[in-house]
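Secondary and tertiary structure notes
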Amino acid sequence: LFHSVAIRSDRDSLATIGILSNLPMLGAVLVAAALQMWNIYAPPMNALYHTHPLPMFDLAESVGLSARRRVAVEIEKWLMRRGLIY
């Protein structure tokens, strides 16, 4: 979810930039996530798009796996700031 927010800077970490530093982008990410959840969990949308709600474990697993990418980006930035890569 927050990968697009985390990659706004090539070198500075998300903690340095601040998650609230670009409110329109954060709003867009949250609206997109809310619409995706609506498509997955709202019964009328299930019928329209032929989807089935994910069990909470599967949703948590998906969010957890996608969080790995954000962690990897932050590690890469940390290594870049110290001159260890690139």
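Residues numbered from 1 in each chain as written. Predicted model: local features only at pLDDT ≥ 70, side-chain atom pairs only at ≥ 80, totals over all residues. Heavy atoms only, no water.

What about the overall build of the chain?
Counting its regular elements, the chain contains five helices and zero strands. Moving toward the C terminus, one meets the helices and strands of the chain in the order α-α-α-α-α. On C-alpha atoms alone, the chain measures out to a radius of gyration of 16 Å, which is more than a quarter above the 12 Å that the 2.2 N^0.38 rule sets for 86 residues. Counting only C-alpha atoms, the chain reaches 50 × 25 × 15 Å along its principal axes. Residues counted as buried form 20% of the 86 residues belonging to the chain. Nonlocal contacts in the chain, meaning residues at least 24 apart in sequence, comprise 46% of its contacts between residues at least 6 apart. Within the structure as shown, the chain displays about 6200 Å² of accessible surface, and the carbon and sulfur contribution to it stands at 68%. Distance from the positive charge centre (8 side chains) to the negative charge centre (6 side chains) of the chain: 6 Å. (Helix = DSSP H or I, 4+ residues; strand = E, 2+ residues; numbered from the N terminus. Rg over C-alpha atoms; globule rule 2.2 N^0.38 Å. Buried < 20%, exposed > 50% of the residue type's maximum accessible area, 1.4 Å probe, protein only. Contact = heavy atoms within 4.5 Å. Areas by Shrake-Rupley, 256 points an atom, 1.4 Å probe, with all protein chains shown as cover. Lys, Arg positive; Asp, Glu negative; His and termini not counted. Charge placed at Lys NZ, Arg CZ, Asp CG, Glu CD.)

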